[in-house]
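These are the residues of each chain, in order.
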Amino acid sequence: MNASRRHFLRQSCGLAATAAPLLPGFDTPLAMGLAGIGALAAGQAVAADTSGYRALVCLYLAGGNDAHNWIVPTDSASHLDYTRARGPLAWPAQQLQTLSSTGQAAGRSFGMPLELAPMRKWYEAGKLAVLSNVGALVRPLTKAEYTAGGAAVPPKLYSHNDQQSFWQSLAPEGAASGWGGRMGDLLQSANAQPLLTSVSASGNAIFLTGRSVQQYQLGESGPIRIDALGKDRMMGSAQTSALLRRVLLAGGSDPFQADYVRLTQRSLDTTALLGTALANAAVPALPTTPITLASGSSLRLDQEGLAKQLRIVAQMIAAGPGLGMRRQVFMVSAGGFDTHANQRRDQPLLMARVASSVDWFLTALQGAGLLDRMTLFTASDFGRTLTSNGQGSDHGWGSHHFIAGGAVKGCAIYGNFPVTALGTSTDVDNGRLLPTTSVTEYAATLGRWMGLGRSELDTVLPNLGNFAAPDLGFLA
Amino acid sequence: MKPSSFLRPHAASAVLLLALLAGCGGGNAGAVHADALAPTPSVNTLATAQAAAAPGVLTVRAKGSLYAGVGPVMVVRVNQQVVGSVEVKNTADWADYPFSLPALRGGDQVDVVFTNDIAANGVDRNLHIASLSDGTTVLLPFTTGIIIDRGSGTAAFDGLDLLPGSSTLASNGALRLTWPSGPDSAASALPRRKEAARLLLQASFGPTPATVDALAASTDASWIAAQMALPATSDFVNAVQARYNLGDAYRPGGDQYDPSEMARAFWRTAPAAPDQLRKRTAFALHHIFMVSQVDANLWFHSRAYAHYLDLLDRHAFGNFRTLLEEMALSPAMGIYLSHLRNRKEDPSSNRMPDENFARELMQLFTIGLQELNPDGSPKLDSAGQPIETYRNADVMALAKVFTGFTWGFPDGQMTNDKFGWLDPTYTAAADQRVDLQRMKPLADQHSTAEKKLFTGKPWAVTLPAGSSAQADVKAALDTLFQHPNVGPFIGRQLIQQLVTSQPSAAYVGRVTAVFDNNGAGVRGDLGAVVRAILLDAEARTVPDPTSADGKLREPVLGLLHWMRTFGASSINGRYRMGWQLDPLGETPFRAPSVFGYFRPGHVPPTAAFAPRRATAPEFQILDENSVAAWANLAEAMGAGGLGWVDNTPEVPGDYSHLLRVLTNAGVRGLLDEIDVLLLGGRMSAGLRRTLTDAVVSVEEASTRSHLDRVRLAVFLTLASPEFRIQR
């Protein structure tokens, strides 16, 4: 097959995804689909379908989450394998709540720990799905190919910063852009405020940086205002505010000052805009009553960083349509997942933090009638070893992840859930799992929901053509 | 010179300007910036004889009170020649009156004369003068050396009936002054003071008047030598111990126990300590050898953490190999990267050694991920690809090296059955200070397997089966220490911390050469490396204004700079500034992970950096919110200080030095001193104009408001990008 023929087939495949009437949430699916056909026929980039409002939220679990314990095999044979492999890290069967349906092979059943009950609720309600054994891949890979090494093995596996970068950008640290930002590049023209296309509530992350889109960073309590610019007179002078503005925006001739001033200008531009919009966004406050956990300890959502980030994102989503926004990509994060030690002690709290915060967020959006407009997905540096070091687990590779929102076809586990035992065809060593689904496919499925056609996804996800499944099917 | 040839046109231009000002809203000339006024190309009818000296404009900012609808007449003379005359009619706000003249030279006698005083029936015509400016030099009438000579006509210049300079001429008379000359004795020292301040920005937490003078009177090399000779002080352990000494309530487990004593000790000691270079270097090493208090497992072990920070101080100018071993066996690091209590493998239960420390020891603390040339560039294989320094098998082998270690209890106290749980006791009665000891191995818990490191590389080594933990650690650290990557990998990061985000390959190469051999055949001499970094031509040369040399200073360094320069310390010892610092994205000793506050390889994804793939680590924590938060912090610092207790800043700055400078040396002296102390002598012309405008914009025209002038200038300087960017 020559290259141009393969290229054509790939586009045809993308055409099906674009034109198929499987986008019920879109206001004008057919028209955009037809436009897509015309553009494809001409070999042009397809204009993204940006009707309605949609928000994609990346929930990043920093450190490499041990999801082996989030989704646990519960049929007796599999649970025994799991317990053997994990040793002291394994969750006993009685602390797991079985999932009613998973779509995995007959005879297999799965459960989630009690700490994750607030998420399991949404799973059972059909608004949350699991994607199993997903991870960094350049192309589909066998264990033998991994052992042989070479260019098909993703670079710098098991390294925190590089795999954080790979998950977010599909390249190791130093990548110039991430796939959330690259989606933003293609979607920003639909937004009345392009500056707010890509928004982080958790600091600078490559995920949200596009080739042209710059991420906007929002504090947990909204934008910070420069107080002195609003004061009539200070320090004996009525001109302080005007002079401060001059100082802040006086660009130097070197790149450092130029970029510093650029950020200051963006800060000034957005603060006024968002101040009113966020104040008017009808999102409830975080509850101050402690939530008692299965372990006996408790947490308060109004003191949880992740919940605070999700609340400001909920406010942004609620304000989005009023600001003329149609497509937005957000990022929130939580830390502490690098559980080399004290995993049995720490993991229940980590789970409860995520589950309670996500539950609050989904409930808030549902209350605002916006749940169908938002898809939240989890990401993390890597999975972890099945084996224990006695106190915790080490850096791994493939892992299980979660997708939640009104458009999610939930109550299902997507992908092939591996046998959680050592020495299998997916165990490269110590229970580091060879991923059977790639981050690229995960991203493509999310990008398609955001309205991107196949050829656009190819620009966002450079290796998409290496994979068979550009749509994993977990989104309606 | 023929005065008549330029008198009229220029008086006319003053009137013209007033008309323009009135036209744009009430004659509030104060809103017109100096940069709009200074270069006014006035009508030039000068004879060519004057062309040699550039024509100038003397701008008098004035207002008046009227009598019978007539304002005070203001006559300006330079060297007894009248250069202009104008009636001042604005009464509420200040207005600028420009007088063109051939040139204003140092030593010229300037008189501003009030000629039509009258007072009757409670109405008094007076002239008020806020400032005189030639566009670069600004004089305030109430500055030392300026006088008022009262009297009419020639009596205004007779040297009789004198008053100190003031902004108000309440009776006929002249405000008389000598225009400051160019470089005076203080100014001739200025270039060297600027150089000194610039080095102090790189090599300390900030310049102070005294250290600038001391360094200016010395040489860079001898200052560095003197700094390195100062002994290390165990500030952090001493601070924690002082709390512990208050009783068991202040020790771990007690209700007064507080691990944030670490940050308080830092704020208290770092800005004030004499051994600035050591502390600045240790703070740089802290970024590289990160142990963060964010890890809750360290919460109970404050003194162990304090000991780790002191260790960075103590070995800042020592040998890298020693530092490496101290760091690797420190219990704080053992807790943070979980090799404290790391057990050997147990195949029967699928248990494997913890890989955490082994991986980061290579990736972050010694050699990094890619083989490097001495100049820091990646080595490439025959296919042009970077070469990985290690494989996962190396991580697993090195993990076995670091098995068997736990707290360094006195011999005999640690046993196999206690290995998994025994922590030191910290009550005063039972405290053996085990947390101040290196970790010790328990032989039975150490992996005796053969460990092969770097198989296939020139520096491959096999640690034979049955080796002791001590022998394994020594061999592994020796191997890592000798790895050719260490010089460029660590050297480049230290350059980024101290001098510039994007050092040239040649600069890195020169520093690597010193790391490899300090000149006396010693590898890893950190003192020599720091000296080489600071004395390198690339560090000492002031960068071209458009070049990419330099760095963004992280928020903590900006804050420490203000504290040190203005002697700020807490009035109650609490240093409760967290609410002001949190939005800045950096809290001392609370980096989010072992990857630090920001990554040395961070390339901002913007046009200024991305196309060149230029690293600017500190930009990773700079965003729309943290720039705004910094401006708010600058306001607080300028206004007086940080924190808030009993209606006053808890951590106040002392502006008395700048007040003295303003009083004695005027506005130019103030701005020169701010330039030296806050900007290392790199103040741009634009910022100087803005600060000049700021100083004269303070309405209350007297020395009583000098503090406002200083505060305003400090605030705006701290808020400026020029302060944040070190160049």
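Being a predicted model, the structure only gives us computed values, none of them experimental.

J.: Quick question: what am I supposed to make of helix H14 (residues 392-401) of chain B here?
T.: One turn of an α-helix holds 3.6 residues; hence residues three or four places apart share an orientation. All names here are of chain B. Counting buried positions along H14 yields seven of 10 residues, so the element is predominantly enclosed. Of all the residues in H14, the buried ones are Asp 394, Val 395, Ala 397, Leu 398, Ala 399, Lys 400 and Val 401. Contacts from the buried residues of H14 go to helix H13 (356-363), strand S15 (451-453), strand S16 (461-463) and helix H15 (469-482).

J.: Which parts of the structure should I look at to understand the pairing of strand S9 (residues 147-150) of chain B?
T.: Regular strands show a simple pattern: their side chains alternate between the two faces of the sheet. Residues and elements named next belong to chain B. Every second residue of S9 is oriented toward a common face, the buried set being Ile 148 and Arg 150 and the non-buried set Ile 147 and Asp 149. One ladder, built from three bridges, connects S9 with strand S10 (residues 162-164); its direction is antiparallel. Bridging across to S10, Ile 147 finds its partner in Pro 164. The sheet contact formed by S9 and strand S12 (residues 173-178) spans four bridges and is antiparallel. Looking across to S12, one finds that Arg 150 is bridged to Gly 173.

J.: I'm lost on helix H25 (residues 706-719) of chain B in this one. Help?
T.: With 14 residues, H25 of chain B should cover 20 Å at 1.5 Å per step; its first-to-last C-alpha distance of 20 Å lies within 8% of that length. Of all the 14 residues making up H25 of chain B, 13 are buried; the element is thus mostly covered by neighbouring parts of the structure.

J.: I would appreciate a short explanation of the nonpolar core in the present structure.
T.: As a rule of thumb, soluble globular proteins bury nonpolar side chains together. Core analysis: the biggest nonpolar cluster contains 207 residues, and Leu 398 and Ile 533 of chain B have the highest contact counts within it. At 11 residues, helix H23 (residues 656-679) of chain B tops the list of elements feeding residues into this core. Filtering out sequence-adjacent residues up to four positions away, Leu 398 of chain B remains in contact with Ala 358, Leu 361, Met 362, Leu 453 and Ala 476 of chain B. Judged by nonpolar contacts, the second largest core, of 122 residues, contains Ala 55, Ile 71, Leu 137 and Met 374 of chain A.

J.: Would you mind going over the packing of helix H4 (residues 190-203) of chain B against helix H5 (residues 209-216) of chain B with me for this structure?
T.: How two helices sit against one another is set out by the angle between their axes and by the gap between those axes. All names here are of chain B. Two numbers describe how H4 lies on H5: the axes approach to 8 Å, and their chain directions differ by 115 degrees. Taken as axis vectors, H4 and H5 run roughly perpendicular relative to one another. The hand of the H4/H5 crossing is right-handed. Between H4, through Arg 192, Arg 193, Ala 196, Ala 197, Leu 199 and Leu 200, and H5, the contact on the second element is made entirely by Thr 211, Val 212, Leu 215 and Ala 216. Residues belonging to the contact of H4 with H5 are distributed by class as follows: seven nonpolar, one polar and two charged.

J.: Please clarify how the interface of chain B and chain A should be interpreted in this entry.
T.: Reports of interface size often rely on the accessible area that becomes lost once the parts have come together. On the side of chain A, 66 residues touch chain B, which itself brings 73 residues to the contact. With nine residues, helix H22 (residues 624-639) of chain B is the largest single contributor of residues to the side of chain B that touches chain A. Classifying every residue of the side of chain B that touches chain A by side-chain character gives 33 nonpolar, 24 polar and 16 charged.

J.: It is not clear to me how the pairing of strand S1 (residues 56-65) of chain B should be interpreted in this structure. Could you clarify?
T.: Residues and elements named next belong to chain B. Burial runs high along S1: nine of the 10 residues are buried. Examined bridge by bridge, S1 and strand S4 (residues 95-101) share seven bridges and lie antiparallel to one another. Bridge pairing in S4 places Gly 56 opposite Leu 101. Examined bridge by bridge, S1 and strand S7 (residues 123-133) share seven bridges and lie antiparallel to one another. Paired with Thr 59 across the bridge in S7 is Ser 133.

J.: Please clarify how the sheet that holds S10 of chain B should be interpreted in this entry.
T.: Strand pairing in a sheet relies on backbone hydrogen bonds, with the paired strands running either antiparallel or parallel. Residue and element names in this part refer to chain B. Taken in spatial order, the six strands of this open sheet run S3-S2-S5-S12-S9-S10, and their pairing is antiparallel. A strand with exactly one partner marks an edge of an open sheet, and here the two such strands are strand S3 (81-87) and S10. Sheet twist, expressed as the average angle between the axes of neighbouring strands with direction ignored, equals 20 degrees.

J.: Would you mind going over unusual backbone geometry with me for this structure?
T.: With glycine set apart, most residues show a phi of negative sign, and most peptide bonds adopt trans. All names here are of chain B. Positioned with a positive phi, Ala 68 is a non-glycine residue whose angle comes to about 55 degrees. Backbone geometry places Tyr 575, a non-glycine residue, at a positive phi of 55 degrees. The residue Tyr 575 is located in the loop between helix H20 (555-565) and helix H21 (578-581) in this model. Judged by the 20 C-beta atoms lying within 10 Å of it, Tyr 575 is buried.

About the cut-offs
- Residues numbered from 1 in each chain as written.
- Chains lettered and ligands numbered in written order.
- Predicted model: local features only at pLDDT ≥ 70, side-chain atom pairs only at ≥ 80, totals over all residues.
- Buried ≥ 20, exposed ≤ 12 C-beta atoms within 10 Å, placed from the backbone.
- Helix = DSSP H or I, 4+ residues; strand = E, 2+ residues; numbered from the N terminus.
- Contact = placed C-beta atoms within 7 Å.
- Pairing = 2+ DSSP bridges.
- Expected span 1.5 Å × (residues − 1).
- Core = buried A, V, L, I, M, F, W, Y, C linked by C-beta atoms within 7 Å.
- Axes fitted to C-alpha atoms, helices over the stretch in contact; angles between N-to-C directions.
- Parallel < 35°, antiparallel > 145°, perpendicular 65-115°, else oblique.
- Left-handed = near helix turned anticlockwise from the far one by under 90°.
- Nonpolar A, V, L, I, M, F, W, Y, C, P; charged D, E, K, R; others polar.

No statement about biological role is implied by the geometric values presented.
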